[in-house]
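Okay, here's what each chain looks like letter by letter:
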Amino acid sequence: MSKAIGDTLGRLEAVIHDRLAAGESDTSYVASLAAKGRGKIAQKLGEEAVEAVIAAVSEDDPELIGEASDLIFHLSILIAERGLTWDMIAAELDRRDGTSGHVEKASRQ
Ligand SMILES: N=c1c2ncn([C@@H]3O[C@H](COP(=O)(O)OP(=O)(O)OP(=O)(O)O)[C@@H](O)[C@H]3O)c2ncn1[C@@H]1O[C@H](COP(=O)(O)O)[C@@H](O)[C@H]1O
């Protein structure tokens, strides 16, 4: 990877926080989506997930890159709107590092 994904997500997260705080729905897509409520953000995330799956199955790489970007962008909005951060997600992923998915699942039961 040529650039740390954390830099990209951190920059995006900071912009999203600014837009949510400013609440300028007329000029900001993030603020306009947030103004429609958490359910609308979640619905949009679901739509982007479906579009990413369709792009993956069709084996169209540029389309998948675009849809994956849309998916992560909207997940970033949902996380921020809930008051969570990418650092929290990273910490959970790091905690799982080296842990078998089967072991992880069994430990939750
Ligand atoms: N990464 C994005 C980004 N990706 C997509 N979009 C917008 O998200 C909207 C929805 O994308 P879709 O492809 O689903 O478009 P659509 O099918 O027309 O969907 P609908 O809008 O009709 O629901 C479009 O208006 C896109 O322009 C984005 N808008 C903003 N960002 C980032 O968010 C930052 C803040 O943006 P503002 O809040 O607009 O200032 C920007 O600096 C960017 O870094």
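Residues numbered from 1 in each chain as written. Predicted model: local features only at pLDDT ≥ 70, side-chain atom pairs only at ≥ 80, totals over all residues.

In the nomenclature of an unreviewed UniProt entry, the protein chain corresponds to Phosphoribosyl-ATP pyrophosphatase from the organism Sphingopyxis fribergensis. Turning to the protein chain, the UniProt annotation filed under Sequence similarities (unreviewed entry) states: "Belongs to the PRA-PH family." (UniProt positions renumbered as here; feature names shortened; annotations may be inferred.)

Participant: Please explain unusual backbone geometry as it appears in this structure.
Facilitator: Leaving glycine aside, a negative phi is the common case for residues, and trans is the common case for peptide bonds. Of note in the backbone geometry, glutamate 59 takes a positive phi value of approximately 60 degrees without being a glycine. As for its placement among the helices and strands, glutamate 59 is situated in the loop between helix 3 (38-57) and helix 4 (61-81). Classification of glutamate 59 as exposed rests on a count of 8 C-beta atoms within 10 Å. (Helix = DSSP H or I, 4+ residues; strand = E, 2+ residues; numbered from the N terminus. Buried ≥ 20, exposed ≤ 12 C-beta atoms within 10 Å, placed from the backbone.)

Participant: How should helix 4 be read in this particular structure?
Facilitator: Residues that lie three or four places apart on an α-helix share one face, since the helix turns once every 3.6 residues. For helix 4, spanning 21 residues, the distance from its first C-alpha to its last is 30 Å, which sits close to the expected 30 Å at 1.5 Å a residue. Listing the buried residues of helix 4 in full gives Glu67, Leu71, His74, Ser76, Ile77 and Ala80. Among the structural elements, helix 1 (5-22), helix 2 (29-35) and helix 3 are those in contact with the buried residues of helix 4. Following helix 4 by one or two positions, glycine 83 has its phi on the positive side, about 80 degrees. (Expected span 1.5 Å × (residues − 1). Contact = placed C-beta atoms within 7 Å.)

Participant: Please clarify how the packing of helix 3 against helix 4 should be interpreted in this entry.
Facilitator: Axis angle and axis distance: for two packed helices, these are the angle between their axes and the distance between the axes, and together they describe the pair. One can describe the packing of helix 3 onto helix 4 by two numbers: an axis separation of 8 Å at closest approach and a directional angle of 160 degrees. What the angle tells us is that helix 3 and helix 4 run roughly antiparallel. Considering the relative orientation of helix 3 and helix 4, their crossing is left-handed. On helix 4, the residues that touch Arg38, Ile41, Ala42, Lys44, Leu45, Glu48, Ala49, Glu51, Ala52, Ala55 and Ala56 of helix 3 are Glu63, Leu64, Glu67, Ala68, Asp70, Leu71, His74, Leu75, Ile77, Leu78 and Glu81. Per-class residue counts for the contact of helix 3 with helix 4 are 13 nonpolar, 1 polar and 8 charged. (Axes fitted to C-alpha atoms, helices over the stretch in contact; angles between N-to-C directions. Parallel < 35°, antiparallel > 145°, perpendicular 65-115°, else oblique. Left-handed = near helix turned anticlockwise from the far one by under 90°. Nonpolar A, V, L, I, M, F, W, Y, C, P; charged D, E, K, R; others polar.)

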